[in-house]
Amino acid sequence: SPDNLTFNSENWNTAQTVTITGVADDQDDENATSTITVSVNSSDTNYVSSKLSDKEVKVTTSDGDTAGFKLSETTVTATEGGDNATFTVELTSKPTSAVTIGIAGSTEANVSPTSLSFDASDWKTPKTVTVTAVNDSVDDDQQTSTITISVSSSSDSKYGSGISNQSVTATTKDDDTAGFTLSKNTATVTEGGDSDNFTVVLNSEPTQDVALTLTPNDLTEVSISSSSTLTFTSANWNTAQTVIIAA
């Protein structure tokens, strides 16, 4: 700028400045070399192209764009059966073809969607990933796991294997508590007559078998006519088992 310079008999020996500005194209296209040609046009027969050859300026344009992607968050927290978490993904340069970003959850944290697609029209529009804690029924306290984000495919060579994976650390809060529940805590039986019963069920899924022992404090007054040991597994932990009491 400007793209035309005018010299006359008054300013012919005063240098005029041309400002060269790199074109911001948002693409990671590395440094580029181009040529600016300076040519003459005048009614002065001494300043015609047949006498004065064109001159060139070689210009190197340094690229200011780097292919990649960025995350809005690197840590998130979600609760089993409760609040979810989110983070966003966007590209850092305009791609020449579609770019697919893969998102891989963990055994403790599910993600949706599991992939995002960007192209030249929406590359810098943040897209949301929702993180949901896996509700597993096990009392496993607070867990920390890793969500991995990576470029899974693109025909743009800049968005190839050279793009490093990134990760989000997901903390999942547990909503399960180990224990067991009785259907009632009082019972009435009659000598030689009516029996009574109550049920027992675990509050969370065990990782190993759980045995509950039933022990009357006075065997002369009450007995257990069902099994005196209840066994719960990961398959039947939430199925109530019945205890029958007799006088």
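Procedures and definitions
- Residues numbered from 1 in each chain as written.
- Predicted model: local features only at pLDDT ≥ 70, side-chain atom pairs only at ≥ 80, totals over all residues.
- Heavy atoms only, no water.
- Pairing = 2+ DSSP bridges.
- Helix = DSSP H or I, 4+ residues; strand = E, 2+ residues; numbered from the N terminus.
- Axes fitted to C-alpha atoms, helices over the stretch in contact; angles between N-to-C directions.
- Contact = heavy atoms within 4.5 Å.

What am I meant to see in the sheet that holds strand 9 (residues 127-133) here?
Within a sheet, neighbouring strands are paired by backbone hydrogen bonds and run either parallel or antiparallel to one another. Strand order in the open sheet formed by four strands is 3-5-9-7, with antiparallel pairing between adjacent strands. Since the sheet does not close on itself, it has two edges, and those belong to strand 3 (69-71) and strand 7 (109-112), each with one partner. Put simply, the sheet's adjacent strands are angled 25 degrees from each other on average, direction ignored. Examined bridge by bridge, strand 5 (residues 85-91) and strand 9 share five bridges and lie antiparallel to one another. Directly across from T86, in strand 9, lies its bridge partner T130.

Would you mind going over the side chain of S106 with me for this structure?
By the secondary structure assignment, S106 is in the loop between strand 6 (99-104) and strand 7. Those residues in contact with S106 that sit more than four places away from it in its chain are S145 and T146.

Would you explain unusual backbone geometry in this entry?
Backbone torsion omega between S1 and P2 reads -5 degrees, so that peptide bond is classified as cis. Take P2: it is sitting in the segment before strand 1 (32-38). The amide bond that connects S112 to the next residue, P113, takes the cis arrangement and shows omega of -5 degrees. Mapped onto the elements, P113 comes out in the loop between strand 7 and strand 8 (115-118). Phi is positive for D26, which is not a glycine, with a value near 65 degrees.

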